[in-house]
Amino acid sequence: MTTTLIHTEAAPTAGSAANPTAAVERSPQAPAEGTTPAPGRVRRVTAAAGSILWKSTAILAFLALWELGPTYLASPSTRVFLPPLHEVLLAWGKLFEAGTIQGHIAASLTRSVAGFGAALVAGVSLGLLIAWYGRLNSVLNPLLELFRNTAALALLPVFTLLLGIGEESKISIVAYAAFFPVLLNTIAGVKTVDPLLIRAARSLGLNSFRLFQKVILPSAVPTIFTGIRMAGTASILVLIAAEMVGAKAGLGYLIVNAQSSFLIPDMYAGILTVSLLGLGVNFLLVALERHFSRWRTAVGADAS
């Protein structure tokens with residue numbers, strides 16, 4: 001009896017001792033070679049590609065109309081003043097090869113960044129003070145409303161007379177145009193903070209400085225960045241108009257000089273560059289907004 005039991009336990013089972021790797025090969029957890037991606041991943045990639053294509057439909061249709069419209073729909077006289085897209089791109093390529101477009105972009109960006117930076121510092125600082133101190137708001141609000149409703153380009157002759165046609169007048173007009181969107185959205189962002197958050201923070205013993213640092217400012221960041229994005233767009237648009245008067249470099253100068261020299265493709269190349277520059281600035285500011293508003297995403301993810 002004992003011998004039989006020992007013999008039975010020592011006997012190899014089929015597919016185990018004879019082939020020790022057979023069980024591992026048949027394991028459902030072992031990945032098979034050459035497998036295709038999971039269907040869920042394929043669906044996500046397809047959905048993302050479809051979303052990008054759908055959002056680009058209007059832009060692609062506009063570019064197709066720009067290319068085909070002047071050639072097949074417009075009269076020859078109109079085609080002179082509205083060249084097809086490929087002619088504009090060829091003109092832009094020639095300007096790029098000559099280094100002309102880079103110099104104009106650098107000049108415009110230097111002025112825009114300087115004016116926008118000054119407006120950002122002044123607008124956020126003054127906006128926080130006005131929103132935090134009610135008496136200051138009551139004193140400065142009438143004056144701010146007066147200047148806010150005065151168009152920046154209407155004051156361009158004033159800036160030119162006072163500061164000349166050099167860089168100071170152009171940077172100042174850009175700072176003026178970008179100042180009020182930042183200021184007003186900063187005030188609105190601070191004033192629209194949830195009162196429950198403020199009361200909860202005070203009940204936890206936070207002093208005024210910590211309350212402002214931990215509650216008020218983070219809650220106001222999305223609204224402040226809305227004003228910053230508006231100011232970024234305004235700084236470029238106003239600068240282009242300012243460069244059309246008394247400038248020797250910049251995208252505005254390129255556009256008006258090409259128009260007066262009857263270089264129509266070059267003029268449209270400058271306009272297209274302004275549009276792409278504004279789009280790039282907007283994307284950059286949106287990325288910065290997401291970076292500084294990560295706590296909102298984290299809170300939304302935890303709540304879900």
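Placed above this text is the structure.
Caption draft 1: Examining helix α4 (residues 57-73) more closely. With 17 residues, α4 should cover 24 Å at 1.5 Å per step; its first-to-last C-alpha distance of 21 Å lies more than 12% under that length. Of all the bends in α4, the greatest, near 30 degrees, is centred on Glu67, and the proline Pro70 appears no more than four residues after it. Three or more residues of α4 are buried, namely Trp66, Gly69 and Pro70. Tucked inside the fold, the buried residues of α4 contact α5 (76-81), α6 (85-98) and α14 (264-292).

Caption draft 2: Structural view of the packing of helix α11 (residues 195-203) against helix α12 (residues 208-243). Between α11 and α12, the least distance of the axes is 10 Å, while the angle of their chain directions is 165 degrees. The orientation of α11 relative to α12 falls into the category roughly antiparallel. Crossing angle aside, the handedness with which α11 passes α12 is right-handed. Residues Leu197, Ile198, Ala201 and Arg202 of α11 touch α12, and the partners they reach there are Leu211, Val215, Ile216 and Ser219. By residue class, the composition of the contact of α11 with α12 is 6 nonpolar, 1 polar and 1 charged.

Caption draft 3: Highlighting the packing of aromatic side chains. This model, assessed by the stated rule, comprises 7 aromatic pairs. Considering the side-chain rings of Tyr176 and Phe180, the 5.4 Å spacing of their centres and the 80 degrees angle between planes classify their relative orientation as edge-to-face. Of this pair, Tyr176 and Phe180 are both found in helix α10 (residues 167-191), 4 residues apart, which corresponds to roughly one turn of the helix. In this structure Tyr176 comes out as buried when scored by relative accessible area, which is 14%. Classification of Phe180 as buried rests on a relative accessible area of 9%. These aromatic residues form a ring-pair network of at least three members: Phe159, Tyr176, Phe179 and Phe180.

Caption draft 4: Empty space enclosed by the protein, seen in detail. The full count for this structure, using the stated rule, is 1 cavity of 30 Å³ or more. In terms of lining residues, the largest cavity is bounded by Leu156, Thr160, Gly164, Ile165, Ser169, Lys170, Ala242 and Val245. Broken down by secondary-structure element, the contributors of at least two residues to the lining of the largest cavity are α9 (156-163) and α10. Across the lining of the largest cavity, the residue classes break down as 4 nonpolar, 3 polar and 1 charged.

Caption draft 5: Quick look at the nonpolar core. Counting residues in each nonpolar core, the largest one holds 37 residues, and the members touching the most others are Ile173, Tyr176, Phe180, Leu183, Val190, Ile216 and Ile228. Sequence-distant contacts of Leu183, that is, excluding residues within four places in its chain, are made with Gly123, Leu126, Gly127, Ile130 and Leu144.

Caption draft 6: The layout of surface pockets, seen in detail. Reported here for the largest pocket is a volume of approximately 360 Å³. In terms of lining residues, the largest pocket is bounded by 13 residues, among which Ile59, Phe62, Leu63, Leu272 and Leu276 are the most central. Mapped by element, the contributors of at least two residues to the lining of the largest pocket are α4, α6 and α14. Among the residues forming the lining of the largest pocket, the class breakdown is 12 nonpolar, 1 polar and no charged.

Reading guide: rules and limits
- Residues numbered from 1 in each chain as written.
- Predicted model: local features only at pLDDT ≥ 70, side-chain atom pairs only at ≥ 80, totals over all residues.
- Heavy atoms only, no water.
- Helix = DSSP H or I, 4+ residues; strand = E, 2+ residues; numbered from the N terminus.
- Expected span 1.5 Å × (residues − 1).
- Bend = angle between axes of the 7 residues up to and from the residue.
- Buried < 20%, exposed > 50% of the residue type's maximum accessible area, 1.4 Å probe, protein only.
- Contact = heavy atoms within 4.5 Å.
- Axes fitted to C-alpha atoms, helices over the stretch in contact; angles between N-to-C directions.
- Parallel < 35°, antiparallel > 145°, perpendicular 65-115°, else oblique.
- Left-handed = near helix turned anticlockwise from the far one by under 90°.
- Nonpolar A, V, L, I, M, F, W, Y, C, P; charged D, E, K, R; others polar.
- Phe/Tyr/Trp six-rings, centres within 6.5 Å; stacked < 30°, edge-to-face > 60°.
- 1 Å grid on protein atoms, 1.4 Å probe; cavity = no way out; pocket = protein on both sides within 12 Å on 5 of 7 lines; lining within 4 Å.
- Points joined across faces, edges and corners; volume = space filled by probe spheres on them.
- Core = buried A, V, L, I, M, F, W, Y, C linked by side-chain atoms within 4.5 Å.

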